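So you can see what is in the structure, the chains are spelled out below.
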Amino acid sequence: MTQDEMKRNAARAAIAFIPENSIVGVGTGSTVNHFIDALADNKHLIKGAVSSSEQSTARLKALGIPVLDLNHVTSFNVYVDGADEINPQRHMIKGGGAALTREKIVAAVADTFICIVDSTKQVPVLGQFPLPVEVIPMAAAYVSRELVKLGGTPFLREGVITDNGNVIIDVKGLSITDPLTLEQNINNIVGVVTNGIFAHRSADIVLVGTASGTQTLR
Ligand SMILES: O=C(CO)[C@H](O)[C@H](O)COP(=O)(O)O
């Protein structure tokens, strides 16, 4: 089975967790694209979606799924998103697709975060995947110097501007043994919008696509 088939199986398994007549939060990325396709086959289940990126909004709309403004939604049950890495505590690194800030916002409003991944995303300790940090452009050099003080090696993601008009700094070389503290410490640097550690808002349910089927972890 290919990695993409494992992603698709995890994405399709998420449909069983969508309550009828609900609003669903939708993440960003190739795994989520499979979820959006599955949602399009199950439109009768939902009133609409709240989206975490222009990319997902375009795909949702193209498939006839109404996209609602988060400011007009006070609460909703389920947020479905992928991850770049996930550890056994269900903390994640996200932001490979540069959508981390809107993802964190939509995830904060949702009751339940369902993470859909293929098994290659499971790690014992976060940090092999470079940690994305969304930064106000004029602060990029300052934030990079501060990230070096935290033990990382920062690289500006060339040619990428986020949906919010900011830049992404990818940080290599961090062994993230205390995700809760590092998430907070990086977010405390002036000029950082947010970083891709999702520890304060971890996943509630993880659907892992493996070669032998989809596992559910809680
Ligand atoms: O955080 C994300 C986007 O900002 C994605 O969830 C993450 O990059 C995983 O992507 P994919 O499903 O394509 O492997």
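Residues numbered from 1 in each chain as written. Predicted model: local features only at pLDDT ≥ 70, side-chain atom pairs only at ≥ 80, totals over all residues. Heavy atoms only, no water.

Per an unreviewed UniProt entry, the recorded name for the protein is Ribose-5-phosphate isomerase A, and the organism is Alishewanella tabrizica. The record in UniProt for the protein states the following under Sequence similarities (unreviewed entry): "Belongs to the ribose 5-phosphate isomerase family." Looking at the Catalytic activity (unreviewed entry) heading of the UniProt record, one finds this comment for the protein: "aldehydo-D-ribose 5-phosphate = D-ribulose 5-phosphate". (UniProt positions renumbered as here; feature names shortened; annotations may be inferred.)

Novice: What's the story with the site of the ligand in this structure? I'm lost.
Specialist: Close contacts around the ligand come from 17 residues, with Ser30, Thr31, Asp84, Gly95 and Lys121 the closest. The separation between an oxygen atom of the ligand and a polar main-chain atom of Gly82 is 3.4 Å. Lys94 places a side-chain nitrogen or oxygen 2.9 Å from an oxygen atom of the ligand. Considered class by class, the residues forming the shell around the ligand number three nonpolar, eight polar and six charged. (Near = heavy atom within 4 Å. Polar contact = N/O pair within 3.5 Å; in protein donor to acceptor, adjacent residues only side chain to side chain. Nonpolar A, V, L, I, M, F, W, Y, C, P; charged D, E, K, R; others polar.)

Novice: What's the story with the packing of helix 1 (residues 3–13) against helix 2 (residues 30–40) in this structure? I'm lost.
Specialist: Angle between the axes and distance between the axes: these two values describe a pair of packed helices. Relative orientation of the contacting elements helix 1 and helix 2 amounts to 50°, with a least axis distance of 8 Å. The angle between the axes of helix 1 and helix 2 places the two elements in the oblique class. Crossing geometry of helix 1 relative to helix 2 is assigned as right-handed. Residues Asp4, Lys7, Arg8, Ala11 and Arg12 of helix 1 touch helix 2, and the partners they reach there are Ser30, Thr31, His34, Phe35 and Ala38. Of the residues contributing to the contact of helix 1 with helix 2, the split by class is three nonpolar, three polar and four charged. (Axes fitted to C-alpha atoms, helices over the stretch in contact; angles between N-to-C directions. Helix = DSSP H or I, 4+ residues; strand = E, 2+ residues; numbered from the N terminus. Parallel < 35°, antiparallel > 145°, perpendicular 65-115°, else oblique. Left-handed = near helix turned anticlockwise from the far one by under 90°. Contact = heavy atoms within 4.5 Å.)

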